[in-house]
Amino acid sequence: MTEQNCAPQRAHPLELIPFFRRWPQAWPHDILYTVIWSCLMALPFTGMSMLFGPESLPVTEHLWPILIMSLLIGAMIHGGLVVANHLLSGWPSRARGLPRLLFSMTLMSISVLFGISVGNLIWKGVDPIKVLKHPGILMQALIVAAIVAFLMYLVRKAAERRAALAVAEAQQKEFAAASARMLAEARLRALQAQIEPHFLYNTLANVVSLIGPQPARAQNMLERFIDYLRASLAASRSDEVTLASESTLIAAYLDVLAVRMGERLRYRIDVPDELRHFRIAPMLLQPVVENAIAHGLEPKVEGGEIVVSARIEGEHVAVRISDTGAGLNENAPRKPGGGVGLSNLRERLRSLYGPSAKVELLENNPCGMTVRLMLPLNASPTSIPSVP
């Protein structure tokens, strides 16, 4: 049995109506709801009194005594539940089946007898003892108690059904959100699996080709490649990283490419000190940088520059990956494959941060593109939950 099923369930009859569920549960609301419910319960009993009682009495003579009795009964039931829950450590609210029914019948019977006897004392000044000794009063009280108990049983079952549906809906939404996050992360891992072998083979081939003619450059390329692998491995094992560690990963990646591309690749990373410890999802920026290289700088003969920067803009951290590459020029040569689509990036941000994060694609002047990631300043990426 789950913790939720074991917890006491508070369900006032009026809360079956959506209007009365607009406010949080609190004892002032419970008292007010009990008064409203008691008044509503007085109406059908007033109709029964008018139907089977003396026809000569006006409506008020039927309504007022029953209203007083109904309010007394409601107060007794409410107070009895509060006292019983306190003395029995919440057992009346947790009870099910026959024990719950017996408890409800006992409380209803006592409350109805109390309401009828005290109501007659208030309305007519009749001694409560004489009222209780009157033939038929006890039977009338039991009948009323049975009706009220049955109505309360129906209300409780409806409340339990509503609560079960709410729990099932919440679990379904949580499962859907978890599945979306897992799908986004799986796509990221698949992307890494495609990028890293390609990057690995090209890097090792370049190192081999440089060992003879330019051993210093080969050594530098191999050292930066080791730095990249170390940072990439650390990122893949974490749910979130800092902008500083992601900058280290990107710098190592670009240093490796700079050995191969030479002067065709220039880069600059500008992350202020106050944002170096800002936490983001791992491998969030590197695929965008790889995309800028593959589709921006490499198709351009003279290459260009990549700038990675971060700034606080209102309630967001704006991370920009800008390049001076080919841009959206349809006539520029394009490298097939490589990079991560903006649609996948948007989906990943939405699953990790919700609707407060967004991705923007901006065209630079005179050339190149900028991908701007708007990340909420006071929110960390959602970690992948375990799916039941």
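See the structure printed just above.
Residues numbered from 1 in each chain as written. Predicted model: local features only at pLDDT ≥ 70, side-chain atom pairs only at ≥ 80, totals over all residues. Heavy atoms only, no water.

When helices and strands are counted, the chain shows 11 helices and 7 strands. Put simply, the chain has 388 residues, and 39% of those count as buried. Restricting to contacts in the chain with at least 6 residues of sequence separation, those with at least 24 account for 72%. Summed over all atoms, the accessible surface of the chain reaches about 21,800 Å², with 63% contributed by carbon and sulfur. (Helix = DSSP H or I, 4+ residues; strand = E, 2+ residues; numbered from the N terminus. Buried < 20%, exposed > 50% of the residue type's maximum accessible area, 1.4 Å probe, protein only. Contact = heavy atoms within 4.5 Å. Areas by Shrake-Rupley, 256 points an atom, 1.4 Å probe, with all protein chains shown as cover.)

With that settled, the discussion passes to the nonpolar core. Grouped together as the largest cluster of nonpolar side chains are 47 residues, with contacts concentrated most on Leu243, Ile280, Val319, Leu373 and Leu375. Secondary-structure elements contributing two or more residues to this core are α7 (137–211), α8 (215–236), α9 (243–261), α10 (286–297), β4 (304–313), β5 (316–323), α11 (342–353) and β7 (369–376). For this core, the element with the most residues is α9, which contributes 10 residues. In this view, leucine 373 contacts Leu284, Leu285, Val317, Ala318, Val319, Ile321, Leu345, Leu349 and Lys358; residues no more than four positions away in its chain are not counted. Counting residues in hydrophobic clusters, the runner-up holds 9 residues, among them Ile77, Phe103, Leu107 and Val112. (Core = buried A, V, L, I, M, F, W, Y, C linked by side-chain atoms within 4.5 Å.)

When two helices pack together, their arrangement is captured by the angle between the axes and the distance separating the axes. Orientation of α9 relative to α10, taken along the N-to-C sense of each, is 25°, at an axis distance of 10 Å. Considering the angle they form, α9 stands roughly parallel to α10. The way α9 lies across α10 gives a crossing that is right-handed. The residues of α10 that touch α9, namely those facing Glu246, Leu249, Ile250, Tyr253, Leu254, Leu257 and Met261, are Gln286, Val289, Glu290, Ile293 and Leu297. Across the contact of α9 with α10, the residue classes tally to 9 nonpolar, 1 polar and 2 charged. (Axes fitted to C-alpha atoms, helices over the stretch in contact; angles between N-to-C directions. Parallel < 35°, antiparallel > 145°, perpendicular 65-115°, else oblique. Left-handed = near helix turned anticlockwise from the far one by under 90°. Nonpolar A, V, L, I, M, F, W, Y, C, P; charged D, E, K, R; others polar.)

With 19 residues, α9 should reach 27 Å at 1.5 Å per residue; the first-to-last C-alpha distance of 26 Å fits that figure. With 15 of 19 residues buried, α9 is to be regarded as a mostly interior element. Two residues or fewer past α9, glycine 262 is found with a positive phi of approximately 65°. (Expected span 1.5 Å × (residues − 1).)

With that out of the way, let us pick up the pairing of β5. A large share of β5 lies buried, amounting to 6 of its 8 residues. Adjacent in sequence and paired antiparallel, β4 and β5 are bridged by 2 residues, among which glycine 314 carries a positive phi angle near 65°. Examined bridge by bridge, β5 and β7 share 7 bridges and lie antiparallel to one another. Opposite serine 322, over in β7, you have threonine 370 as the bridge partner. (Pairing = 2+ DSSP bridges.)

In this structure the tally under the stated criterion is 11 salt bridges. Measuring nitrogen to oxygen at the nearest pair gives 2.2 Å for the salt bridge that ties arginine 372 to glutamate 360. Of the two residues, arginine 372 sits in strand β7 while glutamate 360 sits in strand β6 (residues 358–363), which places them 12 residues apart along the sequence. Each member of the pair, arginine 372 as well as glutamate 360, carries the same accessibility label: buried. Within the structure, one salt-bridge network assembled from shared partners comprises Glu313, Arg320, Lys358, Glu360 and Arg372. (Salt bridge = Lys/Arg side-chain N within 4 Å of Asp/Glu carboxyl O.)

This brings us to the sheet that holds strand β2 (residues 265–270). Strand order across the open sheet formed by 5 strands is β2-β4-β5-β7-β6, with mixed pairing between neighbours. Looking along the sheet, the strands with just one partner apiece sit at the ends: β2 and β6. Taken over all neighbouring pairs, the strand axes of this sheet differ in orientation by 15° on average, direction set aside. Contacts between α10 and the sheet are confined to β2, β4, β5 and β7, with β4 contributing the most and set at about 145° to the helix.

Next up on the list: the side chain of glutamate 360. By relative accessible area, glutamate 360 is classed as buried at 18%. A distance of 2.2 Å separates the side chain of glutamate 360 from the side chain of arginine 372, its partner in a polar contact. The contacts of glutamate 360, once residues within four sequence positions are left out, are Thr370, Val371 and Arg372. (Polar contact = N/O pair within 3.5 Å; in protein donor to acceptor, adjacent residues only side chain to side chain.)

Given a rise of 1.5 Å per residue, 29 residues ought to cover 42 Å, and the 42 Å separating the end C-alpha atoms of helix α3 (residues 59–87) matches this to within 8%. Taken residue by residue, α3 has His62, Pro65, Ile66, Leu67, Met69, Ser70, Leu72, Ile73, Gly74, Ile77 and Ala84 as its buried positions. Backbone geometry just after α3 places serine 89 at a positive phi near 55°.

This part takes up the environment of isoleucine 116. Positionally, isoleucine 116 belongs in helix α5 (residues 97–124). Among the residues examined, isoleucine 116 registers a relative accessible area of 9% and is labelled buried. With 46 residues separating them in the primary sequence, isoleucine 116 and serine 70 have C-alpha atoms 8.5 Å apart.

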